[in-house]
Amino acid sequence: LLDVALITSVFCLIFTLAHRAIFDQDIWLHLKTGQFIAQNKTVPSADIFSFTMAGKPWVNHSWLFQLISYLVHSAWGPEGLISLECILILLSFLVLFLIGFGLVRSYLEVAICIMIAAYASISRFNIRPDIFSLFFFALYLYCLRLHIDKRRIFCLVPIQVLWVNLHGYFFLGPLLVFFF
């Protein structure tokens, strides 16, 4: 019972750290681009917002994040975006907890490590495409720890397809597979 209270406290604290006002100014570009994608049913391949670079080729590697952000913001406003951020951060740390507990079997040791990791990454706790990379990186670690010896890493393919369209750090997935 004490172990459950400890882990619950840790995740409540992580939620408190993650649930804060949106402070990154890039979200407005992401929301506007998501709106464009939703309305036009296409991902822009040229710069559509810049005065000086209008029409220049643009590889939009975060188009799915932009669409998701726009849809969440349209439905629930800024609090919806903050909730999305909190959910992804909590899921990321839950996956890390499961990996850690599977290795050391000590709630206290894993809780301490999770808290250190949370405080170390607090500057990245904002609604940005890279919070999806945090989640997918943790998910890759989890899947590789469970399935590398069973040769069932094909479950990573759909995760990779999503990751490629959400954030530019998608290359970390195949890199992790290579290292494992």
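Before reading on, note that the structure itself is shown above.
Because the structure is a prediction, the values reported are computed rather than measured.

Quick look at helix H5 (residues 130-147) now. Its 18 residues give H5 an end-to-end C-alpha distance of 25 Å, which sits within 8% of 26 Å, the value for a rise of 1.5 Å per residue. The complete set of buried residues in H5 reads Asp 130, Ile 131, Phe 132, Ser 133, Phe 135, Phe 136, Ala 138, Leu 139, Tyr 140, Cys 143, Leu 144 and His 147. Buried residues along H5 sit in contact with helix H3 (63-104), helix H6 (156-166) and helix H7 (172-179).

A word on the state of the cysteines. Under the criterion given, the structure shown has zero disulfides. Summary of cysteine pairing: Cys 12 is not part of a disulfide, and the nearest cysteine sulfur, belonging to Cys 86, is at 12 Å.

Let us look at unusual backbone geometry. One non-glycine residue, Lys 41, lies in the positive phi region at around 55°. Residue position: Lys 41 is located in the loop between helix H2 (27-40) and H3. For Lys 41, a relative accessible area of 71% corresponds to the exposed category. Backbone geometry places Arg 105, a non-glycine residue, at a positive phi of 55°. With respect to the element layout, Arg 105 can be found in the loop between H3 and helix H4 (107-120). Residue classification places Arg 105 among the exposed positions, given a relative accessible area of 60%.

This part is about a nonpolar patch on the surface. The grouping of Tyr 169, Phe 171, Leu 175, Phe 178 and Phe 179 at the surface amounts to a nonpolar patch, some 600 Å² of accessible area in total. Its place among the elements puts Phe 171 in the loop between H6 and H7. Take Phe 171: its relative accessible area is 44%, and that puts it in the partly exposed class.

Note that Ser 62 resides in the loop between H2 and H3. Since its relative accessible area comes to 5%, Ser 62 is described here as buried. At a separation of 3.1 Å, a polar atom in the side chain of Ser 62 contacts the side chain of His 61. Setting aside residues up to four positions removed in sequence, Ser 62 forms contacts with Pro 129, Asn 165, Leu 166 and His 167.

Now for H2. Two residues of an α-helix separated by three or four positions point the same way, owing to the 3.6 residues in each turn. When the terminal C-alpha atoms of H2 are compared, their 20 Å separation across 14 residues agrees well with the 20 Å that a helix rising 1.5 Å per residue should span. Restricting attention to buried positions, one finds in H2 the residues Ile 27, His 30, Leu 31, Thr 33, Gly 34, Ile 37 and Ala 38. The buried residues of H2 occupy one face: seen down the axis, they fall within an arc of 170°. Those residues of H2 that are buried are in contact with H3. Directly beyond the C-terminal end of H2, a positive phi value near 55° is found at Lys 41.

Conventions we followed
- Residues numbered from 1 in each chain as written.
- Predicted model: local features only at pLDDT ≥ 70, side-chain atom pairs only at ≥ 80, totals over all residues.
- Heavy atoms only, no water.
- Helix = DSSP H or I, 4+ residues; strand = E, 2+ residues; numbered from the N terminus.
- Expected span 1.5 Å × (residues − 1).
- Buried < 20%, exposed > 50% of the residue type's maximum accessible area, 1.4 Å probe, protein only.
- Contact = heavy atoms within 4.5 Å.
- Disulfide = S-S within 2.5 Å.
- Patch = residues over 30% accessible without salt bridge, like charges linked within 9 Å, V, L, I, M, F, W, Y side chains within 5 Å.
- Areas by Shrake-Rupley, 256 points an atom, 1.4 Å probe, with all protein chains shown as cover.
- Salt bridge = Lys/Arg side-chain N within 4 Å of Asp/Glu carboxyl O.
- Polar contact = N/O pair within 3.5 Å; in protein donor to acceptor, adjacent residues only side chain to side chain.
- Arc of directions from axis to C-beta.

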